[in-house]
Amino acid sequence: MLKSIIEKALNKQIELEASSSQFYLSMASWTESQGLNGTSSFLYQHSDEERMHMLKLVKFINERGGTAVIPALIKPPTTFKSITHVFECLLEHEINVTESINNIVGLCLEEKDFTTHNFMQWYVAEQLEEEALARTTIDKLNMIGEDKGGLYLFDRDLKVASSNPE
Ligand code: OFO
């Protein structure tokens, strides 16, 4: 049985994962409107993955006798200054998500909830990958700068990456 303090923290995490999904959906739509179809495919896929992260939490809470709460979401930004800005926002958001996950892991240890602690390790590993991916992407974009040919190749690479997910 889930302790209510853990249930509350996991429900907050559901909200954060759902807001990640909405945020990346908005980024996907904006990049699509800019003709960056590879980048938008990548971000649409990322948005779907965040929904999956949310669903995993919903099922875990319910399976452990708690009640998952499906939250209302705030509207994400609809425009971005540039493609680099998109990925900077994404990285900043992921850093917040990592902090929230680390807080839950710490709480699980305090409350001796080793089952939830074990479950959360998947999210710990996932955050490491997501932050690294966002940082590498920003590095690439900084390298490309104003080079349109470079941006074309960057976008094409993301198209390939999103049609062959790991
Ligand atoms: Fe769910 O990993 Fe990003 O937010």
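Up top is the structure these notes are about.
These numbers were taken from a predicted model, which means no experiment stands behind them. (Residues numbered from 1 in each chain as written. Predicted model: local features only at pLDDT ≥ 70, side-chain atom pairs only at ≥ 80, totals over all residues. Heavy atoms only, no water.)

Draft legend 1. Spotlight on the pattern of salt bridges. In total, this model carries three salt bridges according to the counting rule given. For Lys3, the salt bridge goes to Glu111, with nearest N and O atoms at 3.0 Å. Residue Lys3 is found in the segment before helix H1 (4-33), and its partner Glu111 is found in the loop between helix H3 (83-110) and helix H4 (114-144); the two are separated by 108 residues along the sequence. Between Arg64 and Asp113 there is a salt bridge, and its shortest N-O distance comes to 3.3 Å. With Arg64 in the loop between helix H2 (37-63) and H3 and Asp113 in the loop between H3 and H4, this residue pair connects regions lying 49 residues apart in the sequence. With relative accessibility at 18%, the residue Arg64 sits in the buried group. (Salt bridge = Lys/Arg side-chain N within 4 Å of Asp/Glu carboxyl O. Helix = DSSP H or I, 4+ residues; strand = E, 2+ residues; numbered from the N terminus. Buried < 20%, exposed > 50% of the residue type's maximum accessible area, 1.4 Å probe, protein only.)

Draft legend 2. Structural detail: the environment of Thr98. Relative to the helices and strands, Thr98 resides in helix H3. According to the relative accessible area criterion, Thr98 is buried, its value standing at 15%. Sequence separation between Thr98 and Val124 is 26 residues, and the spatial gap between their C-alpha atoms is 7.3 Å. Among residues more than four places away in sequence, those in contact with Thr98 are Gln127 and Glu131. (Contact = heavy atoms within 4.5 Å.)

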